[in-house]
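Observations on chain architecture
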Amino acid sequence: MDITSRPLGRRDFLRGSLAAAALAATGSLAACATSGTGTTSQTSAPAGQVSDTNPFGVKSPSTVDAVIFKGGYGIDYAEFAGKQVEAKQQGVTVKVTPTTKVAQTLQPRFVAGNPPDVVDNSGAGLIGINTIRDQLAELTDVIEAKNYEGTVIKDTLYQGVTEPGTFDGKFIVLNYALTVYAIWYSASLFEQNGWTVPKTYDEMLTLGEKAKAKGKYLLGWGKEAATYYQTMAIGSAIKEGGDEVRLALDNLKPGCWSLPPIQDVFNGLKKIIDAGYMKPGGSGTVFTAAQAQWSEAEDFILYPSGGWIENEMKDQTKSGFKMTGAPEPTVTSNSKLPWEALHSAAGEGYIVPSQGKNVAGGKEFLRAMLSKDAAVNFAKTKLSSTIVKGTVPPDGFGSTALQSQIKMLEAAGSNIFSWTVLNPADLYGMNTDQLVVWNSFLSGDSDVAKLTKGLQDITDKVAKDPSIKKVQVS
Amino acid sequence: MTALSSGGLTSGVAPQGGVSSSGGLRRFGSARWRRRNLTFDKISFFLVFLIIPVAFYIAFVVSPFVQAAYFSLTDWTGFSPAMNFIGLSNYGKLFTDSTFLQAMGNNILMAIVVPIVTLGLAMFFATLVTVGGSARGNIRGLRSSSFYRVISFFPYVIPAIVIGLIWSQIYDPSAGLLNGILTRLGLDQFASFAWLGDPRTARWCVMFVIIWGLVGFYMVLFIAAIKGVPAEVFEAARIDGAGRFRTALSITIPLIRENVQTAFIYIGILALDAFVYMAALEPGGGPNNTTLVMAQELFTTAFTKGQFGYACAMGVVLALITLAYAGLIFAVNRIFGGKSEVGE
């Protein structure tokens, strides 16, 4: 076994190991592998006594394992709710774990059949609901239970908030934070210049000219948030064309992007872009930097976004910037839904995996969140309403944005709408592909026809893929 | 580790080695050999240096690969233990998926441009720093070359993700350093020009960042290799009248051939991955997906779209392309007269 006497063998070995090392260095392949599929433990915990104060029969003592997305809202509100559960249910402890990448963190636990009891499935790294919806508990009994004040929870919620979390008739995602989609502006800046909020795309175009005269752009965008314009466009199109538009998009109908109301909106936007009222360079700008150009530098004056914008830009907002929202514009003044109609869908999707060890505990946690103390705490500390009505005082805790959200909700009355597929759940994970198309449209490199074709191709690809389970929306 | 010394060694030992290796084989087969040699020392040596590492390698490298290859034949969503075997249809889908094919094209372009430019520059600087100095006296590099060596290594010390974030700020259309300088110079057409947002510039801008980050490392690698070549060789070439360029081409590169080959393989693998740089610079795949790389597409498919089976198929293809790339580099090296074996 003299080493130097066997050069060929050694070389073969080295050659083999180099090839193996090259393979190992690719890494991505190994990333696909699991840590082994564990045995599926069946839902276990013998139920506790069911009573009015314990509607789901949480066992005592038991632990509730809550995994909360740590994003713009932090996790302190969830810890607050956990304390509420512990105070109401003797012997129950709530363990709140933060995560920033929900899908990556929880994927092995779902595979092993050992998911947490309740999850805040939010953020850029959320789990596509479509892939796990068979593994989620129905939450209908949560909203039919009484809250800690003794009122049935269903009666305390804003209208339509359960719809985006209902798939094929099953209510499985409780979206907690009420999100109003609007176009945002500085009321103080508008007042100074005598501008009024545009209600149609033509009015936007006129306002763009006035803004230009003051050396400002009308609109702007950031590369990761180009699809905020898609959200606005769909909102406008649904106001114009009604449910027909919403159903076509939600059910991935062939040619859905060519419907006249959608085309009208696209054309309206294109006019604004062609007139040069869109701040150039957005497709190369990080979205928070772009948003600061609006809230701090006031380079542009209108920004379509969700109600989280105030909290997100808290540290980068000019003093005296009275952030105010207005409903998304309509195409014409005789649209099917009035201008006041509001696109509102809740975010922060809470789910209770049916294979969790303490399903009843997970539901009890949601019951605490939907009770008064926790909901008011959320509104107060996050300056954002939950889906529970009446938790925000008229002064909006001093926030103009929150005030205007509540005003818009009141003005809209029963004309509140949302949709399922594209936002907020992004059910089929199409956002990444759509961003590409929208970035080139907003930067003026493509036209309405290209935008329509691009979006239709993305939609058709999902519609035709038999491996993706579809949700039928009605 | 130089070609010279290893060449000498091999030519001296090879014939002898051929004979004794066949003899060794015969001895290995005999019962006497086994009895005499399986001492505790030998067994414990095998255990510590062979069996345990191989077991680890199989458990943590080979088995995940095999598992991933199997998953690529299923429709696994990634979030449940259930999956159906669907044969090769993921691969069929892959080669009609225009987005993935575009990502593959982007990767291949990067695997061509990034290694050639980076290693070319690295070789140029390494030559200047080691043998490119004064034509009189000893063979040496430029004045204060050790200073340049340190400076050029700086970018490599910064983690890739930080490099990406720094450059995404530099490229910012409105507040970025690059456009700031260009507009200050009077080039007003670059005001608000989106370097990372324009399909004409995006891919070159990200490649520039990768090259900027890596030149220093490969330069240091080449310097070490050139230092291993005896100075007499360069002196002899100079006496024969070879200029600096001719010396680099005919003396330096052939003598550090094995290092260049290894460098090509490393940097090629990096260019075929490039995930970290892209995550910072172009998380969305860039304008018209011109900077989308396979690893990004794989990640989105797995975690956002919940199609782990399909993502595994992408991983397998990526691994095969990487292997093919390494094979290609070996082949090119052999065609141009290098020994096909790894350096000793």
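Criteria and thresholds
- Residue indices follow the written sequence of each chain, beginning from 1 at its first position.
- Ligands are numbered from 1 and chains lettered from A, in the order in which they are written.
- The model is predicted, so local features are restricted to residues of pLDDT at least 70 and side-chain atom pairs to those at 80 or more, both for listing and for counting; the totals for chains, interfaces and linings are taken over all residues.
- Hydrogens and water are ignored here; the side-chain numbers use all heavy atoms of the structure.
- Runs of H or I in DSSP of at least four residues are treated as helices and runs of E of at least two as strands, each being numbered from the N terminus.
- Relative accessible area decides the class of each residue, using a 1.4 Å probe on protein chains only: under 20% of the type maximum gives buried, over 50% gives exposed, and in between gives partly exposed.
- Between two residues, a contact is recorded if the distance between any of their heavy atoms is within 4.5 Å.
- Note on areas: these come from Shrake-Rupley sampling with a 1.4 Å probe, and a residue is covered only by the protein chains present in the view.
- All axes here are fitted lines through C-alpha atoms, helices being fitted over the stretch that makes contact, and every angle between N-to-C directions spans 0 to 180 degrees.
- Note on terminology: angles under 35 degrees are roughly parallel, angles over 145 are roughly antiparallel, angles of 65 to 115 are roughly perpendicular, and the others are oblique.
- Crossings are classed by handedness, with left-handed meaning an anticlockwise turn of the near helix from the far one by less than a right angle and right-handed meaning a clockwise turn.
- In these notes, a set of buried Ala, Val, Leu, Ile, Met, Phe, Trp, Tyr and Cys residues joined through side-chain atoms within 4.5 Å is what counts as a nonpolar core.
- Here a pair means two rings of Phe, Tyr or Trp (six-membered ring of Trp) with centres within 6.5 Å. Their orientation is stacked below 30 degrees between planes, edge-to-face above 60, and tilted elsewhere.
- Two conditions define a charge sitting above a ring: the NZ of Lys or the CZ of Arg must be within 6 Å of the ring centre, and it must be within 35 degrees of the ring normal.
- Any carboxyl oxygen of Asp or Glu within 4 Å of a side-chain nitrogen of Lys or Arg constitutes a salt bridge here.
- Residue type decides the class: Asp, Glu, Lys and Arg count as charged, Ala, Val, Leu, Ile, Met, Phe, Trp, Tyr, Cys and Pro as nonpolar, and the leftover types, Gly among them, as polar.
- Polar contacts here mean pairs of N or O atoms no more than 3.5 Å apart (in protein, one a potential hydrogen donor and the other a potential acceptor; neighbouring residues in sequence count only if both atoms are side-chain atoms).
- The pLDDT score gives, residue by residue, the confidence of the prediction method on a 0 to 100 scale.
- In a helix, the anticipated span is given by 1.5 Å times the number of residues less one.
- Pairs of strands are assigned from DSSP output, requiring at least two bridges between the strands.

Further remarks concern the overall build of chain A. If you tally the helices and strands in chain A, you get 18 helices and 10 strands. Counting only residues that meet the buried cut, chain A has 59% of its 474 residues in that class. For chain A, long-range pairs separated by at least 24 residues make up 76% of all intrachain contacts whose partners lie at least 6 apart in sequence. Surface exposure of chain A reaches about 18300 Å², of which carbon and sulfur atoms provide 53%.

Secondary structure assignment for chain B yields 15 helices and zero strands. Per-residue burial over chain B gives 44% buried out of 344 residues. Within chain B, contacts between residues separated by at least 24 positions form 67% of all contacts whose residues are at least 6 apart in sequence.

A separate point is the packing of helix H11 (residues 260-274) of chain A against helix H18 (residues 448-464) of chain A. Residue and element names in this part refer to chain A. For the pair H11 and H18, interaxial distance at closest approach is 10 Å and the crossing angle is 135°. Compared by their axis directions, H11 and H18 come out oblique. H18 is crossed by H11, and the crossing has right-handed handedness. Every residue of H18 that contacts H11 at Gln263, Phe266, Asn267 and Lys270 is listed here: Val448, Leu451, Thr452 and Leu455.

Right, let's talk about the nonpolar core for a bit. Counting 152 residues, the largest nonpolar core has Leu302 and Trp438 of chain A as the members making the most contacts within it. With 14 residues, helix H9 (residues 202-227) of chain B is the single largest residue contributor to this core. With near-sequence residues (within four places) excluded, Leu302 of chain A lies in contact with Ile183, Trp184, Tyr185, Phe190, Pro198, Met204, Leu207, Leu218, Leu219, Gly220 and Trp294 of chain A. One finds Leu157, Leu174, Ala225 and Tyr350 of chain A within the second-largest nonpolar core, a separate group that totals 68 residues.

Before going further, it helps to spend a moment on helix H12 (residues 287-295) of chain A. Within the span of H12 of chain A, buried status applies to Ala290, Gln291, Ala292, Gln293, Trp294 and Ser295 of chain A. Against the buried residues of H12 of chain A lie strand E6 (174-186), helix H9 (228-241), strand E7 (303-306), helix H13 (309-312) and strand E8 (323-326) of chain A.

Next up on the list: unusual backbone geometry. Look at the link from Ser60 of chain A to Pro61 of chain A: it is a cis peptide, with omega at -5°. Following the sequence through the fold, Pro61 of chain A ends up in the loop between helix H2 (28-31) and strand E1 (62-69). Non-glycine residue Leu252 of chain A carries a positive phi angle of around 55°. Among the secondary structure elements, Leu252 of chain A is positioned in the loop between helix H10 (243-250) and H11. The class of Leu252 of chain A is buried, set by a relative accessible area of 7%. The backbone of Ser192 of chain B sits at a positive phi, close to 60°, despite the residue not being glycine. The topology assignment puts Ser192 of chain B in the loop between helix H8 (177-184) and H9.

So, on to the packing of aromatic side chains. Per the counting criterion, the structure on display carries 41 aromatic pairs over all chains. With 4.6 Å between their ring centres and 45° between their planes, Tyr185 of chain A and Phe190 of chain A make a pair best called tilted. Residue classification places Tyr185 of chain A among the buried positions, given a relative accessible area of 11%. Among the aromatic residues, ring-to-ring pairing joins Phe110 of chain A together with Tyr70, Phe71, Trp76, Phe79, Phe85, Phe275, Phe299, Phe303 and Phe308 of chain B into one connected group. Positioned above the aromatic ring of Tyr310 of chain B, the side-chain terminus of Lys93 of chain B is 4.2 Å from the ring centre.

Here we take up the pattern of salt bridges. Within the structure shown, the criterion is met by 14 salt bridges over all chains. A salt bridge links Glu144 of chain A to Lys154 of chain A, with the nearest nitrogen and oxygen atoms 3.9 Å apart. Of the two residues, Glu144 of chain A is situated in helix H6 (residues 140-144) and Lys154 of chain A in the loop between H6 and strand E4 (166-167); the sequence distance between them amounts to 10 residues. Judged by relative accessible area, Glu144 of chain A falls into the partly exposed class, the value being 47%. Exposure remark for Lys154 of chain A: the relative accessible area of 43% places this residue in the partly exposed category. Between Lys305 of chain B and Asp433 of chain A there is a salt bridge, with its nearest N and O atoms 3.3 Å apart. Here Lys305 of chain B is found in the loop between helix H14 (294-304) and helix H15 (308-335), whereas its partner Asp433 of chain A is found in helix H17 (residues 431-442) on a different chain. The exposure class assigned to Lys305 of chain B is buried, which follows from its relative accessible area of 18%.

Another point: the environment of Tyr325 of chain B. All names here are of chain B. With respect to the element layout, Tyr325 can be found in helix H15. Residue Tyr325 is classed as buried on the basis of its relative accessible area, which comes to 11%. With 53 residues separating them along the chain, Tyr325 and Leu272 place their C-alpha atoms 9.3 Å apart.

Moving on, we get to the packing of H9 of chain A against H10 of chain A. Residues and elements named next belong to chain A. It is the contact of H9 with H10, at a shortest axis distance of 6 Å, that shows an interaxial angle of 135°. What the angle tells us is that H9 and H10 run oblique. Within the contact between the two elements, H9 uses Ile234, Ala237, Ile238 and Gly241 and H10 uses Asp243, Glu244, Val245, Arg246 and Leu249. The residue inventory of the contact of H9 with H10, partitioned by class, reads five nonpolar, one polar and three charged.

What follows is about the side chain of Gln296 of chain B. Residues and elements named next belong to chain B. Topologically, Gln296 is positioned in helix H14. At 2.9 Å, the side chain of Gln296 forms a polar contact with the backbone oxygen of Glu282. Sequence-distant contacts of Gln296, that is, excluding residues within four places in its chain, are made with Phe275, Met278, Ala279, Glu282, Pro283, Gly285 and Thr291.

In this section: the environment of Ser446 of chain A. Residues and elements named next belong to chain A. Tracing the backbone shows Ser446 in the loop between H17 and H18. Look at Ser446 and you get buried, because its relative accessible area is 9%. As for Ser446 and Val436, which are separated by 10 residues in sequence, their C-alpha atoms are 11 Å apart.

Another point: the confidence of the model for chain A. Residue and element names in this part refer to chain A. The share of residues in chain A with pLDDT of 70 or more is 89%, and the mean pLDDT across the chain is 85. Per-element averaging of pLDDT across chain A places H2 at the bottom with 48 and H11 at the top with 95. Contacts for the low-pLDDT stretch residues 1-10, under 50 throughout, to residues beyond four places or in other chains number 11 contacts. Long-range and interchain partners of residues 35-45, a stretch whose pLDDT sits below 50, account for 13 contacts in this model, where long-range means more than four residues apart.

It is worth spelling out the confidence of the model for chain B at this point. Interpretation of the predicted coordinates at a detailed level should be avoided for regions scoring low in pLDDT. All names here are of chain B. Mean pLDDT over chain B: 84, with 87% of residues reaching 70 or higher. Confidence drops under a pLDDT of 50 for residues 1-26, and excluding neighbours within four residues, the segment shows 19 contacts in the predicted structure. Within the model, the stretch residues 340-344 combines pLDDT values under 50 with 14 contacts to residues more than four positions away or in other chains.

Now for H9 of chain A. Residues and elements named next belong to chain A. With 14 residues, H9 ought to run about 20 Å at 1.5 Å a step, and its terminal C-alpha atoms sit 20 Å apart, in line with that. Counting buried positions along H9 gives 14 out of 14 residues, so the element sits mostly inside the fold. A positive phi of about 75° marks Gly242, the residue just after H9.

So, about the pairing of E1 of chain A. Regular strands place their side chains on alternate faces of the sheet. Residue and element names in this part refer to chain A. Counting buried positions along E1 yields seven of eight residues, so the element is predominantly enclosed. Bridge count for E1 against strand E2 (residues 92-99) is eight bridges, and the pairing is parallel. Bridge assignment links Val64 to a residue of E2, and that residue is Val94. Here E1 runs beside strand E3 (residues 118-121); their pairing, made up of two bridges, is parallel. Each residue of the ladder has a partner; that of Ala66, found in E3, is Val118.

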